[in-house]
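If you want the building blocks of each chain, they are given just below.
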Number of protein chains: 2
Amino acid sequence: MSNHIYDIPSPAVIIDLDVAERNIYRVTNAAKKEGINLRPHIKTHKSVYLTKKLLEAGAKGITVAKISEAEVMIENGIDNILIAYPVLGKEKWERLRKLNRIAQIMTTVDSMEIANGLNEIGTKDYPINVLIEVDSGTHRCGVQPGNDFIKFALKVKEMEGIKIRGVFTYNGLIYGSKSLDEIKSHAEAEANLLKKCVEQLKDIGIEEPISSGGNTPITIALDKMKGVTEIRPGNFIFNDVTGLDLGVAEEKDCAIRILARVVSIPLPGHAAIDAGSKTLTSDTAARSPGFGYIVGMPDVKIVKLNEEHGLLKYDPDKRKLSIGQVIEIIPNHACVIPNLCDFIYGVRNGKIEKEIKIDARGKNY
Amino acid sequence: MSNHIYDIPSPAVIIDLDVAERNIYRVTNAAKKEGINLRPHIKTHKSVYLTKKLLEAGAKGITVAKISEAEVMIENGIDNILIAYPVLGKEKWERLRKLNRIAQIMTTVDSMEIANGLNEIGTKDYPINVLIEVDSGTHRCGVQPGNDFIKFALKVKEMEGIKIRGVFTYNGLIYGSKSLDEIKSHAEAEANLLKKCVEQLKDIGIEEPISSGGNTPITIALDKMKGVTEIRPGNFIFNDVTGLDLGVAEEKDCAIRILARVVSIPLPGHAAIDAGSKTLTSDTAARSPGFGYIVGMPDVKIVKLNEEHGLLKYDPDKRKLSIGQVIEIIPNHACVIPNLCDFIYGVRNGKIEKEIKIDARGKNY
């Protein structure tokens, strides 16, 4: 096999390394400029190789969602990890206890059930470091701001096995923004909430509280996050149609492409490609209909997915497609794509440079 | 770890083996009764173990979508395989050539580009066995019925490297059925088309043509498919919300469950579970809103998925949920679930009997 990308058997996921590295440096530098630590979420790529690239560029640690992701990263020598998820159940607490002895681990907590579990596995010498999760409006996880937050923090503070390190939030509402101004005001509101919680934590005696927030949209409004201590964006390394829709990335910033081939043209204006929902996923984007953007062919739409077929529609008077033709798709949501692969292709100038292993593929438990 | 399912770390995919085996025998026997060969699609489970169960029960061979799935099955001793997909490109043709020497392989063809490729790799002694794909209205793949079909078959018939074995169709439109009568009339129309194509193939000298169609909905209307030689359902082994919506399965027929736990209750009536889009996928069902059906809790809806969070809504005055509570979810679309796992749990009477390896996980290329 030649190492030209168009010789790769399709479907395949390719990453333009130049673009990914530029994305890494943009966000690393933007965070540095505002004095905010970058703790990128590795859910997007789930790869040790790209995690190390992020750390080399200046990230201060990483974020994972699941304890199984943390296990993979620790096995590979990455030792500053926030498990940004409620770690629940005896089996997981035991795994967390072990990780906490060998790496610098933090996790989040928002319920007494989980605080009690963490307290059981933490000791005075090896306390479980936690950020208290506060709900900034997404209603996904988190205690409510204000009295609930203070009361919960006070209870957790009494626990010898737990050390409160700060406050955590996730603002999913930002993805509904219709303009950069809306993104900025989400950033401002999130920063204000976090800073208020930090004051409340200081009031009850927590020293130098960490405030952890942010996501990829917020990376274009980091001046509004000034004073927050760390951000946890993930998607920015690749970008996707969701980012294009939000105006936080341009096509040239999209490092990830799904390479597919036209396999059938049953009728004029109808073509099938060899990438379906098991490659592109069924994730939709906020404003762009269909299942991904075909690079260079805004007139051709991916209107439906079966598991191994993507169905295209186009005007056959204006566009010719042919069997065997290679197309490149920017996915609606980059963070769900590498998880479906054993590896993705790292390319530079259209040539394969490296097969990047997806070390934490499927690690959701 | 005990072997009770509620001790499994979540999220996890569990399969009730009694139910799966009952599903296997229902369809095997129904096909036998109508004199139709069953060639189940293994995309649903991608497991050698369950493939062998299907063959033991009487399936006459298997269907796969991708050549990589065929490779896995052949490595595991399964040797009668239809690759129900246009196999395209030099690299794949070479792989197909090799498989064709060691197993009983058929594939589908609907374009001269692919016919020419297959002709190149087939020989008089080892011809590539093909079913000609005809479009029964889905416009996914296939030549158009009638003259286009005959003309295409005549051209392929001239090729020494290819042996036409019959006709193939996929009727995706059946999934839009709103009643059993609609399913039956889809079955009838599909059978009529296939039988007409068979006559046309006989007219040009193809002996004993195979006619291959069907899917899971059609398994409840097999009397309408009489005369068709083989069917290729996949989903029936597990069933899902799509099957419930269509009326082709009841809850007791759904062998697959996603086991998840409530990890956070940020506000009354809002809970988060530890299964998100990387476990449940974003696939929707025809008539049931949300992202899966929670067994025993029709009043609790999975309204949104993030990657590792499922967001539930319910009336807190009528329903209490608690942190740590285990729930079981019937997925919207069973065929995309095991593909996300290295293995799934085979259970019987609530106890783990076997870890079933997903041998062809991620094999989409």
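Nothing here was measured: the structure is a model prediction, and the numbers come from that model.

Cut-off values and rules
- Residues numbered from 1 in each chain as written.
- Chains lettered and ligands numbered in written order.
- Predicted model: local features only at pLDDT ≥ 70, side-chain atom pairs only at ≥ 80, totals over all residues.
- Heavy atoms only, no water.
- Axes fitted to C-alpha atoms, helices over the stretch in contact; angles between N-to-C directions.
- Helix = DSSP H or I, 4+ residues; strand = E, 2+ residues; numbered from the N terminus.
- Parallel < 35°, antiparallel > 145°, perpendicular 65-115°, else oblique.
- Left-handed = near helix turned anticlockwise from the far one by under 90°.
- Contact = heavy atoms within 4.5 Å.
- Least-squares fit on C-alpha atoms with pLDDT ≥ 70 in both.
- Domains from an automatic or database assignment.
- Salt bridge = Lys/Arg side-chain N within 4 Å of Asp/Glu carboxyl O.
- Polar contact = N/O pair within 3.5 Å; in protein donor to acceptor, adjacent residues only side chain to side chain.
- Nonpolar A, V, L, I, M, F, W, Y, C, P; charged D, E, K, R; others polar.
- Buried < 20%, exposed > 50% of the residue type's maximum accessible area, 1.4 Å probe, protein only.

1. Notes on the packing of helix H6 (residues 147-157) of chain B against helix H7 (residues 180-203) of chain B
Residues and elements named next belong to chain B.
Phase 1 of the analysis: Taken N-terminus to C-terminus, the directions of H6 and H7 make an angle of 40°; their axes are 10 Å apart at the nearest point. With respect to each other, H6 and H7 are oriented oblique. Handedness of the crossing formed by H6 with H7: right-handed. Touching Phe149, Ile150 and Ala153 of H6 are Cys197, Gln200 and Leu201, all from H7.

2. Overview of the relation of the copies chain B and chain A
Phase 1 of the analysis: Its rotation angle being 180°, the transformation that places chain B on chain A also includes 0.0 Å of axial translation and leaves an RMSD of 0.0 Å. Here the symmetry operator amounts to a two-fold rotation axis. When each C-alpha of chain B is compared by its distance to the rotation axis, Ser282(B) comes out closest, at 2.7 Å.
Phase 2 of the analysis: A shared interface surface links the copies, since 100% of the contact residues of chain B are contact residues in chain A too.

3. Focus on the domain arrangement of chain A
All names here are of chain A.
Phase 1 of the analysis: Taken domain by domain, chain A holds domain 1 (5-11 + 249-357) and domain 2 (18-237).
Phase 2 of the analysis: For domain 1 and domain 2, the distance between their C-alpha centres works out to 33 Å.
Phase 3 of the analysis: The interface is formed by 15 residues belonging to domain 1 together with 17 residues belonging to domain 2.
Phase 4 of the analysis: Seen at the junction of domain 1 and domain 2, the total is 3 salt bridges.
Phase 5 of the analysis: Residues arginine 348 and aspartate 18 are paired through a salt bridge, measuring 2.7 Å at the closest nitrogen-oxygen approach.
Phase 6 of the analysis: Linking domain 1 with domain 2 are 4 residue pairs in polar contact (both at pLDDT 80 or more).
Phase 7 of the analysis: Tallying contributions element by element places strand E17 (residues 351-357) first for the side of domain 1 that touches domain 2, with 3 residues.
Phase 8 of the analysis: When the residues that make up the side of domain 1 that touches domain 2 are grouped by side-chain class, the tally is 6 nonpolar, 3 polar and 6 charged.

4. Describing the pattern of salt bridges
Residue and element names in this part refer to chain A.
Phase 1 of the analysis: Throughout the structure, instances matching the rule amount to 42 salt bridges over all chains.
Phase 2 of the analysis: For arginine 39, the salt bridge identified is with glutamate 230, shortest N-O distance 2.9 Å. Pair noted here: arginine 39 is in the loop between strand E2 (37-38) and helix H2 (48-57) and glutamate 230 is in strand E9 (residues 230-231), with a separation of 191 residues, a long-range link.
Phase 3 of the analysis: The closest approach of N and O atoms between glutamate 307 and lysine 278, which form a salt bridge, is 2.8 Å. On the criterion of sequence distance, the pair formed by glutamate 307 in the loop between strand E13 (301-305) and strand E14 (310-313) and lysine 278 in helix H9 (residues 277-280) is long-range, its members being 29 residues apart. With respect to class, glutamate 307 is no different from lysine 278; both count as buried.
Phase 4 of the analysis: A single salt-bridge network, built from bridges that share partners, covers Asp18, Glu21, Arg348 and Glu353.

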